[in-house]
There are 2 protein chains.
Amino acid sequence: MHRYALKIEYNGAPYHGWQRQVDLPSVQGMIEQAIGKVAGSAHEIAAAGRTDAGVHAWAQVAHVDMERDWDTFRLSEAINYHLKPNPIAIIGCAKVTEAFHARFSAVERRYIFRMVSRRAPIVHEAGLVWQVKPPLSLEAMQEGAKHLLGYHDFTTFRSSICQGLTPFKTLDRLDVSEHPYPGGAEFRFDVRARSFLHNQVRSFVGTLERVGAGHLEPSDVKRRLEACARSACGPVSAPHGLYLAGVGYEDDPFE
Amino acid sequence: MHRYALKIEYNGAPYHGWQRQVDLPSVQGMIEQAIGKVAGSAHEIAAAGRTDAGVHAWAQVAHVDMERDWDTFRLSEAINYHLKPNPIAIIGCAKVTEAFHARFSAVERRYIFRMVSRRAPIVHEAGLVWQVKPPLSLEAMQEGAKHLLGYHDFTTFRSSICQGLTPFKTLDRLDVSEHPYPGGAEFRFDVRARSFLHNQVRSFVGTLERVGAGHLEPSDVKRRLEACARSACGPVSAPHGLYLAGVGYEDDPFE
């Protein structure tokens, strides 16, 4: 058997999330179907992050075991051919050893959330950013975000259906930055951790947006985190602003 | 009467170009329809650039005369309300005098063409960039572009149905730059002139892509320009990579 790591880009809109489901379209299901056509038999793949319905990816990572010794360029071209017309593309392919596991070898997940504040409806990036109303204070969101960094019980920012064994996680980064956007402003949240709870990033963003809008104080983020209660969370942001932007490995197969 | 300048963003995909046409959807037609609903009667608008079918805009400029003295913010909100669900948005609105004419006062049109070279299909920006195959030489395209700068007879790079009175134009800028793009590279063409011939930018880009791919030498651009014959033009690029990115006025109403 030969193992290949795949770097995958997708638009999450048409899918019920990454994970394969009976009778519902999923990103995993579409890729497995395409690999099945390439290989002539069913193949399962494992991914670093099981993104929710509507969440996009710039660089999801998965691995697959193939009987045939493929040239990596030809393998990604063949899978892409069979993925058409799905908005899913293999943008990287690398040979790895059996020691590599897309999910269990991952030491960092990186998410980017794109939030645009402007009055006019979004035209070119409809479905690719979460639109909110101006004005928003960058400084307030940055100050609020600081309270979330480090090792905490994140029960407040965890979906009630989260299946994680523990609500304790270490958040390594939550940078909020502002960028020019026609007729408004874009706020990007760069969020990194070894692993995340279900809905954690969208819960962070939804609460921080309330801080930016002035409905919450930055210090309220600390109080809400310490409440360790889901009811203390602000609104959860829409999925279509969220991107799985990268996965970190001790030994990056794509470098 | 009160005159207003409008800054307009649109996705050109669903429309048969800017210009109003009987029985065919156009950007102008949609905006005039929305203004008609706001004002209660038919209004005509004039625009700086009559973009082709499928061409997008980041900042088209048009003007409209209204009977009522509108607050500019309320006027743009009202038009945007009636534009839904069209991918068209008013992103700026300014009061101007009757001396201002969106088309005749314009001293510069600025176009950006987005070309992405990568093997994998385009996912997130499908319809927003023109995809070509790698590899492309940035240097060759830059060298070829230089031959087009300045005052020339642009017959070679002008659609055979162009209605311009003369093929002579002055090209002020044609910068080609390279930007990172996942799984490939993006090449941006920043093109500026007082005015353009029909299909001029797309003819430039199509020919320069052939230069980048090595099928033409940079010096061939000069020879083809000097041929002053439409048949000397390379392939015309697809419209969906092209954006009307800005319009220059001596006295910018939006500043």
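Residues numbered from 1 in each chain as written. Chains lettered and ligands numbered in written order. Predicted model: local features only at pLDDT ≥ 70, side-chain atom pairs only at ≥ 80, totals over all residues. Heavy atoms only, no water.

Participant: How would you explain the packing of helix α3 (residues 138-146) of chain A against helix α4 (residues 200-212) of chain A if you had to name every residue and give the values?
Facilitator: Residues and elements named next belong to chain A. Their axes nearest at 8 Å, the elements α3 and α4 cross at an angle of 135°. When the interaxial angle is binned, α3 and α4 end up oblique. When the axes of α3 and α4 are compared, the crossing they make is right-handed. Contact residues: α3 offers A140, M141, G144 and A145, while α4 offers L208, E209, V211 and G212. (Axes fitted to C-alpha atoms, helices over the stretch in contact; angles between N-to-C directions. Helix = DSSP H or I, 4+ residues; strand = E, 2+ residues; numbered from the N terminus. Parallel < 35°, antiparallel > 145°, perpendicular 65-115°, else oblique. Left-handed = near helix turned anticlockwise from the far one by under 90°. Contact = heavy atoms within 4.5 Å.)

Participant: Give me the lowdown on unusual backbone geometry, citing residues and values where you can.
Facilitator: Residues and elements named next belong to chain A. Omega for the bond connecting K84 with P85 falls within 30 degrees of zero, at 0°, which places this linkage in the cis form. You can see P85 is positioned in the loop between α2 (72-83) and β4 (88-96). Of note, D23 is a non-glycine position whose phi angle comes to about 70°, a positive value. Relative to the assigned elements, D23 resides in the loop between β1 (2-10) and α1 (27-39). Note on D23: relative accessible area 77%, which makes it exposed. The backbone phi angle of C228 is positive, close to 50°, even though this residue is not glycine. (Buried < 20%, exposed > 50% of the residue type's maximum accessible area, 1.4 Å probe, protein only.)

Participant: Residue-level account of the interface of chain B and chain A, with values.
Facilitator: The interface is formed by 24 residues belonging to chain B together with 24 residues belonging to chain A. Both sides of the chain B and chain A interface together cover about 1,900 Å² of buried area, and 63% of this is carbon and sulfur. The interface formed by chain B and chain A holds four salt bridges in total. E77 of chain B is the partner of R119 of chain A in a salt bridge, and the nearest nitrogen-oxygen pair spans 2.5 Å. The element that contributes the greatest number of residues to the side of chain B that touches chain A is strand β4 (residues 88-96) of chain B, accounting for four residues. Taken together, the residues of the side of chain B that touches chain A sort by class into 15 nonpolar, five polar and four charged. (Buried area = accessible area lost by both parts, 1.4 Å probe. Salt bridge = Lys/Arg side-chain N within 4 Å of Asp/Glu carboxyl O. Nonpolar A, V, L, I, M, F, W, Y, C, P; charged D, E, K, R; others polar.)

Participant: Residue-level account of the UniProt feature "active site" (unreviewed entry) in chain A, with values.
Facilitator: Residues and elements named next belong to chain A. Here the UniProt-annotated "active site" (unreviewed entry) positions come out as D52. Residue position: D52 is located in the loop between β2 (46-47) and β3 (56-66). Setting aside anything within four residues of it in sequence, one finds D52 in contact with G17, H198, N199 and R202. (UniProt positions renumbered as here; feature names shortened; annotations may be inferred.)

Participant: Residue-level account of the pattern of salt bridges, with values.
Facilitator: The final tally for this structure, using the stated rule, is 34 salt bridges over all chains. Ionic pairing is found between R188 of chain A and E186 of chain A, a salt bridge with its closest N-O pair at 2.8 Å. On the basis of relative accessible area, R188 of chain A is assigned to the partly exposed category, the value being 27%. Salt-bridge contacts for K95 of chain B lead to D69 of chain B; the nearest nitrogen and oxygen are separated by 2.4 Å. Placement of K95 of chain B in strand β4 and of D69 of chain B in the loop between β3 (56-66) and α2 (72-83) is noted, with a sequence separation of 26 residues between them. Owing to a relative accessible area of 47%, D69 of chain B belongs among the partly exposed residues under this scheme.

Participant: Please set out the packing of aromatic side chains residue by residue, giving values where relevant.
Facilitator: Residue and element names in this part refer to chain A. Throughout the structure, instances matching the rule amount to 18 aromatic pairs over all chains. Aromatic pair F100 and Y249: ring centres 4.8 Å apart, planes at 50°, arrangement tilted. Residue F100 is located in the loop between β4 and β5 (106-118), and its partner Y249 is located in strand β10 (residues 242-249); the two are separated by 149 residues in the primary sequence. Like Y249, F100 is buried. The ring of W70 has R68 lying over it, and the distance from NZ or CZ to the ring centre is 3.9 Å. (Phe/Tyr/Trp six-rings, centres within 6.5 Å; stacked < 30°, edge-to-face > 60°. Lys NZ or Arg CZ within 6 Å of the ring centre and 35° of its normal.)

Participant: Account for the domain arrangement of chain A, with residues named and values stated.
Facilitator: Residues and elements named next belong to chain A. Splitting chain A by domain gives domain 1 (2-104) and domain 2 (107-246). Inter-centroid distance (C-alpha atoms) of domain 1 to domain 2 is 27 Å. Each partner contributes to the interface: domain 1 provides 14 residues, whereas domain 2 provides 17 residues. Together domain 1 and domain 2 conceal approximately 1,200 Å² of surface at their shared face, both sides included; 56% is due to carbon and sulfur atoms. Three residues stand out in domain 1 for area buried against domain 2, namely D52, H56 and W58, and they jointly supply 51% of the buried area on that side. Between domain 1 and domain 2 we count one salt bridge in total. Note that D52 and R202 form a salt bridge whose closest N and O atoms lie 3.7 Å from each other. Split into classes, the residues belonging to the side of domain 1 that touches domain 2 amount to six nonpolar, six polar and two charged. (Domains from an automatic or database assignment.)

Participant: If you had to explain the relation of the copies chain B and chain A to someone new, which residues and values would you point to?
Facilitator: Placing chain B over chain A gives an RMSD of 0.0 Å and needs a rotation angle of 180°, together with 0.0 Å of translation along the axis. A rotation of that kind, with that shift, is consistent with a two-fold axis. Taking C-alpha positions as reference, the residue of chain B nearest the rotation axis is E125 of chain B, located at 4.2 Å. Most of the interface of chain B is mirrored in chain A: 100% of its interface residues are interface residues there too. (Least-squares fit on C-alpha atoms with pLDDT ≥ 70 in both.)

Participant: An account of the pairing of strand β8 (residues 168-181) of chain A is requested, with residue identities and associated values reported.
Facilitator: Residue and element names in this part refer to chain A. Pairing geometry for strand β7 (residues 150-153) and β8, over four bridges, is antiparallel. Across the sheet, H152 pairs through a bridge with K169, a residue of β8. Bridge count for β8 against strand β9 (residues 184-193) is 10 bridges, and the pairing is antiparallel. Its bridge partner being in β9, R173 is matched across the sheet by R192. (Pairing = 2+ DSSP bridges.)

Participant: Now, about the UniProt feature "binding site: substrate" (unreviewed entry) in chain A: what can you tell me, with residues and values included?
Facilitator: All names here are of chain A. Under the UniProt annotation, "binding site: substrate" (unreviewed entry) lies at Y111. Tracing the sequence through the fold places Y111 in strand β5. By relative accessible area, Y111 is classed as buried at 11%. When residues no more than four places from it in sequence are discounted, the contact partners of Y111 are T51, F189, D190, V191, F196, V201, L242, Y243, L244 and A245.

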